[in-house]
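Fold and geometry: a report
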Amino acid sequence: MSALHPAVEVDGDKLMQFVFRAVDEVGATLNAALVVMGDKLGLYRALAEGGPLSSAELAARTGTAERYVREWLNAQAAGGFVAYDPDSGSYTLPPEQTVALTDSDSPAYLPGFFQIALGSVIDSPKIVERARSGDGFGWHEHVHDVHDGCERFFRPGYNAHLVAEWLPALDGVVAKLERGGLVADVGCGHGSSTILMATAFPNSTFVGSDYHAGSIETARQRANEAGVGDRVSFQVAPAAAYSGTGYDLVTMFDCLHDMGDPVGAARHVRSTLKGDGSWMIVEPRAGDRIEDNFNPVGRAYYAFSTLLCTPASLSQEVGLALGAQAGESRIRDVVQTAGFGRFRQAAETPFNLVFEARA
Ligand SMILES: C[S@@+](CC[C@H](N)C(=O)[O-])C[C@H]1O[C@@H](n2cnc3c(N)ncnc32)[C@H](O)[C@@H]1O
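Note that this is a predicted model, so its numbers are computed, not measured.

Details of the sheet that holds strand β7 (residues 273-284)
- Overall, mixed pairing links the seven strands, which are arranged β5-β4-β3-β6-β7-β9-β8 in an open sheet. In this open sheet, the two edge strands, each paired with only one partner strand, are β5 (232-236) and β8 (342-348). When strand polarity is set aside, the average angle formed by the axes of neighbouring strands in this sheet is 20°.
- In terms of strand pairing, strand β3 (residues 182-186) meets strand β6 (residues 247-253) through four bridges, oriented parallel. Each bridged residue has a counterpart across the sheet, and for Ala 184 the counterpart in β6 is Val 250.
- Sheet strands in contact with helix α11 (residues 213-226) are β4 (205-210) and β5, and its direction is about 170° off that of β5.

Section: the nonpolar core
- Core analysis: the largest hydrophobic core is formed by 39 residues, its most contacted members being Ile 116, Leu 162, Trp 166, Leu 167, Leu 249, Phe 253 and Met 280.
- In terms of residue count, the dominant contributor to this core is helix α8 (residues 144-166) (seven residues).
- Val 250, Leu 256, Met 259 and Trp 279 belong to the second largest nonpolar core, which has 30 residues in total.

A closer look at the environment of Gly 339
- You can see Gly 339 is positioned in the loop between α14 (327-337) and β8.
- A residue is classified by how much of its surface remains accessible, and Gly 339, at 31% relative accessible area, is partly exposed.
- Along the backbone, Gly 339 and Arg 358 are 19 residues apart, and their C-alpha atoms lie at a distance of 9.5 Å.

Structural notes on the layout of surface pockets
- Counted as a void, the largest pocket has a volume near 1,100 Å³.
- Around the largest pocket, the lining comprises 29 residues; the ones closest to its centre are Glu 25, Ala 28, Thr 29, Ala 32 and Phe 114.
- Contributing elements (two or more residues each) for the lining of the largest pocket: α1 (12-40), α4 (66-78), α6 (111-122) and α13 (296-314).
- Residues of the lining of the largest pocket, tallied by class, amount to 20 nonpolar, six polar and three charged.
- A volume near 740 Å³ is recorded for the second largest pocket.

Thoughts on the site of the ligand
- Around the ligand, 19 residues are found, and the nearest of them are Tyr 158, Gly 187, Asp 210, Ala 239 and Phe 253.
- Contacts to the ligand include Asp 210, whose side-chain N or O atom sits 2.6 Å from an oxygen atom.
- A total of 590 Å² of accessible area belongs to the ligand in isolation, and the protein chains cover 95% of it.
- In a pocket analysis with a 2 Å cut-off to the grid points, the ligand is assigned to the second largest pocket.
- Examining the composition of the shell around the ligand, we find that three residues originate from one element, α8, more than from any other.
- Broken down by class, the residue content of the shell around the ligand amounts to 12 nonpolar, four polar and three charged.

Thoughts on the packing of aromatic side chains
- By the definition in use, this model includes 12 aromatic pairs.
- With 6.3 Å between their ring centres and 70° between their planes, Phe 81 and Phe 114 make a pair best called edge-to-face. Taken together, the residues Phe 81 in the loop between α4 and β1 (83-85) and Phe 114 in helix α6 connect sequence positions 33 residues apart.
- Pairing Tyr 84 with Tyr 91 gives two aromatic rings, centres 4.9 Å apart and planes at 35°, and the pair type is tilted.
- A relative accessible area of 4% places Tyr 91 in the buried class.
- Joined through ring pairs, the aromatic side chains of Phe 113, Phe 153, Phe 154, Tyr 158, Trp 166, Phe 253 and Phe 304 make up one cluster.

Considering the packing of α1 against α4
- Between α1 and α4, the shortest axis-to-axis distance is 11 Å and the interhelical angle comes to 120°. Looking at the two axes, α1 sits oblique to α4. As α1 packs across α4, the resulting crossing turns out to be left-handed. When α1 is examined against α4, the residues Asn 31, Leu 34, Met 37 and Gly 38 are found in contact with a partner set consisting of Trp 72, Ala 75 and Gln 76.
- Considering only residue class, the contact of α1 with α4 consists of four nonpolar, three polar and no charged.

Basis of the calculations
Residues numbered from 1 in each chain as written. Predicted model: local features only at pLDDT ≥ 70, side-chain atom pairs only at ≥ 80, totals over all residues. Heavy atoms only, no water. Pairing = 2+ DSSP bridges. Helix = DSSP H or I, 4+ residues; strand = E, 2+ residues; numbered from the N terminus. Axes fitted to C-alpha atoms, helices over the stretch in contact; angles between N-to-C directions. Contact = heavy atoms within 4.5 Å. Core = buried A, V, L, I, M, F, W, Y, C linked by side-chain atoms within 4.5 Å. Buried < 20%, exposed > 50% of the residue type's maximum accessible area, 1.4 Å probe, protein only. 1 Å grid on protein atoms, 1.4 Å probe; cavity = no way out; pocket = protein on both sides within 12 Å on 5 of 7 lines; lining within 4 Å. Points joined across faces, edges and corners; volume = space filled by probe spheres on them. Nonpolar A, V, L, I, M, F, W, Y, C, P; charged D, E, K, R; others polar. Near = heavy atom within 4 Å. Polar contact = N/O pair within 3.5 Å; in protein donor to acceptor, adjacent residues only side chain to side chain. Areas by Shrake-Rupley, 256 points an atom, 1.4 Å probe, with all protein chains shown as cover. Sits in = over half its atoms within 2 Å of the grid points. Phe/Tyr/Trp six-rings, centres within 6.5 Å; stacked < 30°, edge-to-face > 60°. Parallel < 35°, antiparallel > 145°, perpendicular 65-115°, else oblique. Left-handed = near helix turned anticlockwise from the far one by under 90°.

What follows is the structure in structure tokens.
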């Protein structure tokens, strides 16, 4: 019997199972900070390049304090991120962890995922306040780890899928971009998708936009570093008011659900597209029913949605708050309400749904 609910029978075994599962979750919560620490201090990279290493050797290679590094290594070994050899007292980064934790070109690259998660947790006391008041919390108000982590989390997936799969899945778009088209990448953040497309289609012109001035400043730097500054321009603008018309393609990567007024944004997209233009909407993978998303991806996305996406939308006019698990039918509803005649799912990955809308 439970003290609080005397009428409810509590299964002691199930209770202890849940408690031990929670121990694992607390370890995982803290590990987000340790992964970001290992990434920022170069511990994974040094271990990948020089392992097996003792804690003293790893500290010497990274210019860090041995006592911190030893504790970090033991936590990493206990969690299976690093392998420990008790005979030699040395630590190794296994090959798969080397790819996932150090190869920023791999679609399996993880540090950005942890960085945006940790940034979200750091800002969570503000979300607790807003959950009481009902007010929103804008994307621009978050710590830099959210913005930087977002770029580093999404870019590997765009590298793997955008040019090879998603654009070819749209009707006639690749041919237009090869000939030379005009593209608006709306809600572009640090511009990784804009720069990837500009690199792949040198005859086309790209206009990235985002309401967050800090993100646009970074996007401009990234474009110059990538050598595509001549055919990419960026502007600070909300999705309902970016400039230009006659676009062959408008893209939105993981941002439509963050907007307060996605229908208003969709109407603006429609007014800026050429008659035969296409709108590509990349959204987090989700089923239409809540229970469809009871899986590890849905769990992570509902959590991001609570801490980032829903507050972001609520901070803007209308505050529709679609949430990061909106699913196809709610996105279709937004698109059709804005007057688009055609809407279909064009592609998918374990993390994304890709939709095409046309007039
Ligand atoms: C999750 S981030 C995705 C950024 C980028 N598309 C990417 O994939 O890396 C969402 C972006 O939407 C932008 N955003 C949110 N509401 C917006 C609005 N109403 N108009 C334009 N951008 C908006 C945010 O500033 C942020 O850069």
